[in-house]
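Residues per chain, in single letters:
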Amino acid sequence: CMRCAWPLLRLSARAGLALRHGGAIRLRLAAASSSSSSSSSGGGGGLRAPDTSLFVPVPLKPVEGAAEEDVGAELTRPLDKGEVLKNLNKFYKRKEIQRLGAENGLDARLFHQAFISFRKYIMESSSVSADLHIILNDICCGAGHVDDLFPFFLRHAKQIFPMLDCMDDLRKISDLRLPPNWYPEARAIQRKIIFHAGPTNSGKTYHAIQRFLTAKSGIYCGPLKLLAHEIFQKSNAANVPCDLVTGEERVYATEDARQASHIACTIEMCSTNTPYEVAVIDEIQMIRDPARGWAWTRALLGLCAEEIHVCGESAAIDLVTELMYTTGEEVEVRNYKRLTPLTVLDYALESLDNLQPGDCIVCFSKNDIYSVSRQIEARGLECAVIYGSLPPGTKLEQAKKFNDPNDPCKILVATDAIGMGLNLCIKRIIFNSIVKPTVNEKGEKEIDSITTSQALQIAGRAGRFGSSFKQGEVTTMHRDDLLQLKEILSESVPPVKAAGLHPTPEQIEMFAYHLPDATLSNLIDIFVSLSQVDGLYFVCNIDDFKFLADMIQHIPLNLRSRYVFCTAPLNRKEPFVCTTLLKFARQFSRNEPLTFDWLCRHTKWPLAPPKNIKELVHLEAVHDVFDLYLWLSYRFMDMFPDAALVRDIQKKLDDIIQIGVCNITKLIRASQSGAASGAAEVTRGKSLRAYRSATRQEDLKSHGRGSLANRLLREGLLTQEMLRQLESEWQDQHRSGRYGLEMRKKKK
């Protein structure tokens, strides 16, 4: 009988409470003791407190509907929710309880959120567990203390914040202090590190590639597809079979598709498990890049090669030496000087009339590219155009056009995309501006003067060794910028201080195991907030990753697939590309293959040559969509099965974009005339609306001044014939009305 069992259950609840409460108190005392001992020992290397604003509570629904058997109510009595609410609020205000919560991982923010959830759960539940019911009843009757609720509150808090129970495990998973240990295969061999240091056009990469070509096996890791493609072509031209591996394609050197002994790849695609005799890591200074630096760190620490040839700015020597010291490997430094002289001119260009063959005007925005190129062609000069979002094939064609001595095109207008990956015959670099929008390590946009490293990288493209120009020159478009450019170029490049890191899929999977209800974006946030790195490293910016994670969060995907989609290389400023990725993910989640026909329908292929700049920009976005398809096809071959067909139409699209870029000034004129006609149309529309409005106002005024008959006539609601008839009827009624009034007076 339940009534008979009540004393025993009550005693049991009390005993359990005492044990739990006592345990909590002991935990508090232990924490206090630990805190005092650590402070007395003077250790300053304590763990960083987590950013609890990232802890998203797991919803815990109250118990709804009548319970089959409310044991607590049967043993005691139904709870008075009004009294319960008063006592819960007393519990919340107790300083002792707040301190106890803090010692169990609940800071003020978490404590408040946990209490709100705890209170809502109790107040909105039709029944609670028997032991909690008994404690609440005792407190309401004055037989218990509000502090007795703490074990139940803590249990609830850990249910909605599961990370509280596994914080130590999460800290271990996110401990990034020993990255060299992530690559046991590389640590198992003694590698020789050779740093080829020097400015642009010094031959540093050339010497590293010569060693690459003479090795039995080798891998080249570069920052751009264009660079990887260049080494791929050079290697095969030198009768050294070499495969090309980028995120979007794999091209075999042999027809039978056997893997060659040499590979040229983009740095993110390098294998850390395959042994090589020689590895070349190009542009090592990009190890500090806020978004991509992790790829250079991974290659430097993880490549299994007997010789690692590192090429880049001398500013990275100290960091690479320190990183290799932690792996027990020494660094041999080979310094190179520029092969041709580079002169900073004492005068600015000031006018496009002063352009000469071999000039390259560097702009930092597409709008400036459009404006400058149109002004140049208005002067009867042809110009080539290169900017970052152009397909690689179009960039190469524009570079070829500019480099061809028999082509009338002698002027180049480009962004800083020319800083890497293209061999150009430039005599003089002209900075249209020295201010560039950038993204800092926190992912925030900034507009600032270009750095010394950027200025040297771009200016160094002038007077390339082996070109028709034996020396290079650099200046600015505007006189006011020249002095500042000289100051920037005269400064030494600040040393690279830290190498980038990025959480791996395995680490995120382990986080998800402990926090199964957290979103991927939230998992990444918590990982970064708990991560520990030493002074040689930093965690790369993850805003793009989080943007994609939030965008596809509502689509049902397993964690590994979701992670892959979120690492897709796309520009989140392009709405069409982002929307297409969303469609890809949705189709993928339905387990429906993304066929060639499906892609053609969604991109409206085939596409016509662009008629204006807007259409050209859209074609570039479609090219990026094809790139995205190819990138995903190498990770999910079954779901993206038509890579060969997509690659074919991408080449055709490249040709269409080339047509548009060759006619870019016509497109600019069409866009501007379209905008002008649109503005004229808007003006005409506004004028017409204003005229109609004024007419209506005038009509209202005149209607207000005139009689009702005149207004009705003007509005067509009354004719002259109707007016005469109304007038006649009114007169008849007026006469009969006056006669009726006289008769009534007589009767009186």
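The structure displayed is predicted, hence computed values, not measured ones.

**Things to note about the packing of aromatic side chains**
What describes a pair of aromatic rings is the distance from one ring centre to the other and the angle between the planes of the rings. A full pass over the atoms with the stated rule returns 17 aromatic pairs. Relative to Phe-153, the ring of Phe-118 lies with its centre 5.7 Å away and its plane at 70°, an arrangement referred to as edge-to-face. Here the residue Phe-118 occupies a position in helix H5 (residues 108-124), and Phe-153 occupies one in helix H7 (residues 150-160), the gap between them amounting to 35 residues. The interplanar angle of 50° and the centroid separation of 6.2 Å between the aromatic rings of Phe-150 and Phe-153 together place this pair among those described as tilted. Of this pair, Phe-150 and Phe-153 both sit in helix H7, 3 residues apart, which is roughly one turn of the helix. According to the relative accessible area criterion, Phe-153 is buried, its value standing at 0%. One aromatic cluster is present, formed by Phe-91, Tyr-92, Phe-111, Phe-115, Phe-118, Phe-150 and Phe-153 through successive ring pairs.

**Section: the pattern of salt bridges**
Taken as a whole and assessed by the stated rule, the structure comprises 28 salt bridges. The shortest N-O distance in the salt bridge between Lys-436 and Asp-416 comes to 2.4 Å. Of this pair, Lys-436 sits in strand E14 (residues 435-439) while Asp-416 sits in the loop between strand E12 (411-414) and strand E13 (428-431); the two residues are 20 residues apart in sequence, bridging distant segments of the chain. Given a relative accessible area of 16%, Lys-436 falls into the buried group.

**Description of unusual backbone geometry**
For residues other than glycine, phi is negative in most cases, and the peptide bonds are mostly trans. The step from Trp-605 to Pro-606 runs through a cis peptide bond, and the omega angle for that step is 5°. Tracing the sequence through the fold places Pro-606 in the loop between helix H23 (596-603) and helix H24 (613-633). Unlike most non-glycine residues, Ala-257 shows phi in positive territory, near 60°. Along the polypeptide, Ala-257 turns up in the loop between strand E4 (250-251) and strand E5 (262-266). When its relative accessible area of 41% is taken as the criterion, Ala-257 is described as partly exposed. Look at Glu-283: it is not a glycine, yet its phi comes out positive at around 55°. Mapping Glu-283 onto the fold places it in the loop between strand E6 (275-281) and helix H12 (293-302).

**Observations concerning the nonpolar core**
Counting residues in hydrophobic clusters, the biggest one holds 159 residues, and the most contacted among them are Phe-565, Phe-584 and Phe-640. Contact partners of Phe-565, with chain neighbours within four places excluded, come to Leu-548, Ile-552, Leu-557, Leu-581, Phe-584, Ala-585, Phe-588, Leu-632, Phe-636 and Phe-640. In terms of nonpolar packing, the next biggest core, distinct from the first, is built from 27 residues, Ala-399, Phe-402, Leu-412 and Ile-458 among them.

**Some remarks on the sheet that holds E6**
The strand order E4-E3-E5-E2-E6-E7-E1-E8 describes an open sheet built from 8 strands, whose pairing is mixed. Sheet topology places E4 and strand E8 (331-335) at the edges, where each strand pairs with a single neighbour. Packed onto the sheet, helix H10 (residues 204-214) meets strand E1 (192-197), strand E2 (218-222), strand E3 (242-245), E5, E6 and strand E7 (304-312) and runs at close to 160° relative to E7. Lying over the sheet, helix H13 (residues 317-327) contacts E1 and E8, oriented at roughly 165° with respect to E8.

**Things to note about the packing of H23 against helix H25 (residues 643-662)**
With their axes 9 Å apart at the nearest point, H23 and H25 run at an angle of 35° to one another. On H25, the residues that touch Phe-596, Leu-599 and Cys-600 of H23 are Leu-645, Val-646 and Ile-649. Of the residues belonging to the contact of H23 with H25, the class tally is 6 nonpolar, no polar and no charged.

**Description of the environment of Leu-349**
Within the element layout of this structure, Leu-349 appears in the loop between strand E9 (342-344) and strand E10 (359-362). Among residues more than four places away in sequence, those in contact with Leu-349 are Asn-354, Leu-355, Arg-428, Ile-430, Thr-475, Thr-476 and Met-477.

**Some points on the sheet that holds strand E16 (residues 472-476)**
A sheet is described by the order of its strands in space; here 6 strands give the open sequence E9-E16-E13-E10-E12-E11, paired in parallel fashion. The two strands at the open ends of the sheet, each matched to only one other strand, are E9 and strand E11 (383-386). Mean inter-strand twist for the sheet, computed between neighbouring axes without regard to direction, equals 20°. Taken together, the 3 bridges between E9 and E16 define a ladder with parallel strand orientation. Paired with Thr-343 across the two strands is Glu-473, which belongs to E16.

**Description of helix H21 (residues 559-566)**
For H21, a buried count of 6 out of 8 residues is recorded, marking the element as mostly surrounded by other parts of the structure. If you check which residues of H21 are buried, you get Ser-561, Arg-562, Tyr-563, Val-564, Phe-565 and Cys-566. The elements touched by buried residues of H21 are helix H18 (505-514), helix H19 (520-530), helix H20 (543-551), helix H22 (575-589) and H24. A distance of 3.2 Å separates the backbone nitrogen of Arg-560 from a side-chain oxygen at the start of H21, and that oxygen is part of Asn-558.

**A look at the pairing of E10**
Of the two faces of E10, the one holding Asp-359 and Ile-361 and the one holding Cys-360 and Val-362 are both buried throughout. When E10 meets E12, the two strands line up parallel, connected through 4 bridges. Each residue of the ladder has a partner; that of Asp-359, found in E12, is Ile-411. Sheet analysis places E10 next to E13, joined by 4 bridges and oriented parallel. Bridging from a neighbouring strand, Asp-359 pairs with Arg-428 of E13.

**As for the environment of Val-128**
Secondary-structure assignment places Val-128 in the loop between H5 and helix H6 (130-141). Counting along the chain gives 58 residues from Val-128 to Asp-70, while the straight-line C-alpha distance between them is 7.9 Å. Excluding residues that lie within four positions of it along the chain, Val-128 makes contacts with Asp-70, Leu-79, Ile-122 and His-133.

**So, the confidence of the model for the protein chain**
For the protein chain, mean pLDDT is 85; residues scoring 70 or higher make up 82% of the total. Across residues 1-45, confidence stays below pLDDT 50; counting only partners more than four residues off in sequence or on other chains, it has 45 contacts. Under a pLDDT of 50 for its full length, residues 738-748 has, in the predicted model, 0 contacts with residues more than four places off or in other chains.

Conventions adopted
- Residues numbered from 1 in each chain as written.
- Predicted model: local features only at pLDDT ≥ 70, side-chain atom pairs only at ≥ 80, totals over all residues.
- Heavy atoms only, no water.
- Phe/Tyr/Trp six-rings, centres within 6.5 Å; stacked < 30°, edge-to-face > 60°.
- Helix = DSSP H or I, 4+ residues; strand = E, 2+ residues; numbered from the N terminus.
- Buried < 20%, exposed > 50% of the residue type's maximum accessible area, 1.4 Å probe, protein only.
- Salt bridge = Lys/Arg side-chain N within 4 Å of Asp/Glu carboxyl O.
- Core = buried A, V, L, I, M, F, W, Y, C linked by side-chain atoms within 4.5 Å.
- Contact = heavy atoms within 4.5 Å.
- Pairing = 2+ DSSP bridges.
- Axes fitted to C-alpha atoms, helices over the stretch in contact; angles between N-to-C directions.
- Nonpolar A, V, L, I, M, F, W, Y, C, P; charged D, E, K, R; others polar.
- Polar contact = N/O pair within 3.5 Å; in protein donor to acceptor, adjacent residues only side chain to side chain.
- pLDDT = per-residue confidence, 0-100.

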